[in-house]
Amino acid sequence: MRFQTLRYTLPLLLLFFFIDGCSKYPLNKLDETILPSDPAVLWGEMTLKIMTKMPLNTPTYASRALGYMGLTMYESVVYGSNNNQSLVNQLSGLTALPIPDTTQNYNWILALNAGQAAQLKNLYDYMDAARQYSIDSLESVIQNRYAVLGTQEINDRSIAFGRAIAAAIFDWSKTDGGFQGYLRNFDTNYAFPTGPGYWVAAIGGQSASKIPLHPYWGKNRTFAPSNLSLAIPSMIPYSTDPNSAYYQQYFAVYKKSQTLTQTDKEIAAWWGDDPSESFSPPGHSYNIANIAIKTSKPDLMKAAETYARVGMSVGDAFVSCWKAKYTYFCERPSNYVRTVIDNTWYQLWPEPPFPAFYSGHSVQSSASAVVLADLYGDNFTLIDNSNLYRVRDTIRNIDFKARTFTSFSAIALESGQSRILGGIHTQQDNEIGIAQGKIVGANINALKWRKPAIMSREINF
């Protein structure tokens, strides 16, 4: 018996699923190619809905949250797969997770559903009642629609398993250094260097804080052990000499700002991803995963793996990036240009409250592109709709228009380039970020996602 293709329509809480004869399939011998990805996508979209304009949310904390959301989705369904295996004993310090009773049947969609609902509330435990209601409503709708897949006993067991996975991963997350990081976005006791070449708080930036964001984030544990030991790349030495490489980096940003086309401005705005106005930069990458899944319509297992790889890649990318940012504490173009080149200059886009080198957009977009290309091939056409909900920026005369790409690598390149167009990063920041992201993503891909060939047969629980 095969599952009928499932489709859903928005609004989210009014969706309906049509299932034909599903309850007859033996759930303890799941072939993952049978289960549709729709429930996974709904939770991918709900996660970003909850994160959008979430108070206290930051790109650092959001990247971490997405890593745990993706991993929770993956581990809640992986034991229903013939080909994939758990990441226990592969990730940093993750030595155990609950395992299903091999003598019993499971409704894996309900396991995924319960795990996502629980984990999202765990990670954003301060969310308002409206957001909690949205989570509970989606959980209830999916649970009711897919209850036909199993008996009450099977469904109860599955829900309990999904929640147990979420609880175990959440307990593990508390030891990574970023637990409840939203409570300490700006450390007033942090002493940072001052002087030529060092970061200073922006005038009219994204935040009014004069203190940089999450100065210790680079010390956090990464998901992939190999990403924890990445070397910090070197940067061009500070200089005010017009013939120096450092000067030329900033002068190029200044010159480009004087010839921006309307398309340039739209690209800068599209990738602005201010957490106070959107679901944050890593959320943009997670939405690219949403779009890729909806475009290619993979099975449930591949969808869950997609969210896990993208989530953990952006999580590790931000740890790696923050390590460099707070090693060099490098200034942004606004400070250098106004100090050395033109004291009347202002960049197009408001800058975030942390040092420049290297670009967080570049590294996380690059890491995400690497894992998506490994799953779907780099030559993949999609329409990025991430910021279509944004209203026109009347101050800068910019509309938010959907953007079409023909490869994941092109997405990463434009994301990084947008920061130069916005005047908040140099080409060095971008190029190093892209290069580091490729390494981070490759290390996520190198995890043993598949069972050894000798084991890749139908599971007989």
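Residues numbered from 1 in each chain as written. Predicted model: local features only at pLDDT ≥ 70, side-chain atom pairs only at ≥ 80, totals over all residues. Heavy atoms only, no water.

## Quick word on the overall build of the protein
Part 1: Across its full length, the protein holds 14 helices and two strands.
Part 2: The C-alpha radius of gyration of the protein comes to 22 Å, within 12% of the 23 Å expected for a compact globule of 461 residues.
Part 3: Overall size of the protein, expressed as C-alpha extent along the three principal axes, is 75 × 40 × 40 Å.
Part 4: Per-residue burial for the protein yields a buried fraction of 60% across its 461 residues.
Part 5: The long-range share in the protein, meaning contacts at least 24 apart out of those at least 6 apart in sequence, stands at 83%.
Part 6: Carbon and sulfur atoms make up 54% of the accessible area of the protein, which totals about 17800 Å².
Part 7: Of the side chains in the protein, 39 bear a positive and 37 a negative charge, and the two mean positions are spaced by 1 Å. (Helix = DSSP H or I, 4+ residues; strand = E, 2+ residues; numbered from the N terminus. Rg over C-alpha atoms; globule rule 2.2 N^0.38 Å. Buried < 20%, exposed > 50% of the residue type's maximum accessible area, 1.4 Å probe, protein only. Contact = heavy atoms within 4.5 Å. Areas by Shrake-Rupley, 256 points an atom, 1.4 Å probe, with all protein chains shown as cover. Lys, Arg positive; Asp, Glu negative; His and termini not counted. Charge placed at Lys NZ, Arg CZ, Asp CG, Glu CD.)

## Observations concerning helix α8 (residues 262-270)
In an α-helix, one turn spans 3.6 residues; hence positions three or four apart end up facing the same way.
Part 1: Buried residues of α8: Asp264, Glu266, Ile267, Ala268, Ala269 and Trp270, and no others.
Part 2: On the buried face of α8, the contacting elements are α7 (245-257), α9 (281-296), β1 (382-384), β2 (403-405) and α13 (408-421).

## Some details on the confidence of the model for the protein
Part 1: The pLDDT averaged across the protein works out to 90; a share of 91% of its residues lies at or above 70.
Part 2: Note on residues 1-33: pLDDT is under 50 here. Beyond four places in sequence and across chains, it has 88 contacts.
Part 3: Segment residues 454-461 is flagged for pLDDT under 50; beyond a separation of four residues in sequence, or across chains, it makes 18 contacts in the model. (pLDDT = per-residue confidence, 0-100.)

## Quick word on the packing of aromatic side chains
Part 1: Evaluated as defined, the whole model comprises 38 aromatic pairs.
Part 2: For the ring pair Tyr326 and Phe329, a centre distance of 5.7 Å and an interplane angle of 65 degrees mean the geometry is edge-to-face. For the pair shown, Tyr326 and Phe329 are each scored as buried.
Part 3: In this structure an aromatic cluster arises from ring pairing among Tyr238, Tyr246, Tyr247, Tyr250, Phe251, Tyr254, Tyr336 and Trp345.
Part 4: Positioned over the ring face of Trp322 is Lys325, at 5.4 Å from the centre of the ring.
Part 5: Above the plane of the ring of Tyr346 lies Arg338, whose end atom (NZ or CZ) is 4.6 Å from the centre. (Phe/Tyr/Trp six-rings, centres within 6.5 Å; stacked < 30°, edge-to-face > 60°. Lys NZ or Arg CZ within 6 Å of the ring centre and 35° of its normal.)

## Observations regarding unusual backbone geometry
Part 1: Cis rather than trans, the peptide bond between Phe357 and Tyr358 has omega equal to -5 degrees.
Part 2: As for its placement among the helices and strands, Tyr358 is situated in the loop between α11 (333-341) and α12 (360-376).
Part 3: The residue Leu56 is not glycine, and still its phi comes out positive at about 70 degrees.
Part 4: Within the secondary structure, Leu56 sits in the loop between α1 (38-51) and α2 (59-77).
Part 5: Taking the relative accessible area as the measure of exposure, Leu56 reaches 45% and is therefore partly exposed.
Part 6: Positive phi, close to 50 degrees, is recorded for Phe329, a residue that is not glycine.
Part 7: Here Phe329 shows up in the loop between α10 (300-328) and α11.
Part 8: The exposure class of Phe329 is buried, given its relative accessible area of 2%.

## Quick look at the packing of α12 against α13
Part 1: Where α12 meets α13, the axes come as close as 8 Å, and the angle between the chain directions of the two elements is 175 degrees. Here α12 lies roughly antiparallel to α13, going by the angle between them. Packed against α12, whose contacting residues are His361, Ser362, Ser365, Ser366, Ala369, Leu372, Ala373 and Tyr376, the element α13 presents Phe408, Ser409, Ala412, Ser415, Gly416 and Arg419 at the interface. (Axes fitted to C-alpha atoms, helices over the stretch in contact; angles between N-to-C directions. Parallel < 35°, antiparallel > 145°, perpendicular 65-115°, else oblique.)

## Structural notes on the state of the cysteines
Part 1: In this structure the tally under the stated criterion is zero disulfides.
Part 2: Cys330 provides the cysteine sulfur closest to Cys321, a residue in no disulfide bond, and the two sulfurs are 12 Å apart.
Part 3: Overall, the relative accessible area of 0% leaves Cys321 in the buried class. (Disulfide = S-S within 2.5 Å.)

## Looking at the environment of Ala292
Part 1: Mapped onto the elements of the fold, Ala292 is located in helix α9.
Part 2: On a C-alpha basis, the gap between Ala292 and Gln116 in space is 20 Å, while along the polypeptide they are 176 residues apart.

## Focus: the pattern of salt bridges
Part 1: On inspection of all chains with the given rule, the structure shows 15 salt bridges.
Part 2: Residue Asp128 is joined to Arg131 by a salt bridge in which the shortest nitrogen-to-oxygen separation is 2.5 Å.
Part 3: The exposure class of Asp128 is partly exposed, given its relative accessible area of 34%.
Part 4: Taking relative accessible area as the criterion, Arg131 reaches 15% and is therefore assigned buried. (Salt bridge = Lys/Arg side-chain N within 4 Å of Asp/Glu carboxyl O.)

## Remarks on the nonpolar core
Part 1: By size, the foremost hydrophobic cluster in this structure holds 123 residues, and its most contacted members are Trp43, Tyr124, Met312 and Phe408.
Part 2: Sort the elements by how many residues they give to this core and α10 lands first, with 16 residues. (Core = buried A, V, L, I, M, F, W, Y, C linked by side-chain atoms within 4.5 Å.)

## With respect to the packing of α1 against helix α4 (residues 129-146)
Part 1: At a closest axis distance of 10 Å, the pairing of α1 and α4 adopts a crossing angle of 175 degrees. With respect to each other, α1 and α4 are oriented roughly antiparallel. Taking contact as the criterion, the partners of Pro39, Leu42, Trp43, Met46, Lys49 and Ile50 in α1 are, on α4, Arg131, Ser134, Ile135, Leu138, Glu139, Ile142 and Tyr146.
Part 2: Here the contact of α1 with α4 is composed, by residue class, of nine nonpolar, one polar and three charged. (Nonpolar A, V, L, I, M, F, W, Y, C, P; charged D, E, K, R; others polar.)

## What about the environment of Arg338?
Part 1: Within the secondary structure, Arg338 is located in helix α11.
Part 2: Residue class for Arg338 comes out buried when judged on its relative accessible area of 17%.
Part 3: Taking the C-alpha atoms as reference, Arg338 lies 9.8 Å from Tyr254; in sequence the two are 84 residues apart.
Part 4: With near-sequence residues (within four places) excluded, Arg338 lies in contact with Ile203, Pro333, Asn343, Trp345, Tyr346 and Gln347.
Part 5: For Arg338, the side chain forms a polar contact with the main-chain oxygen of Trp345, separated by 3.0 Å. (Polar contact = N/O pair within 3.5 Å; in protein donor to acceptor, adjacent residues only side chain to side chain.)

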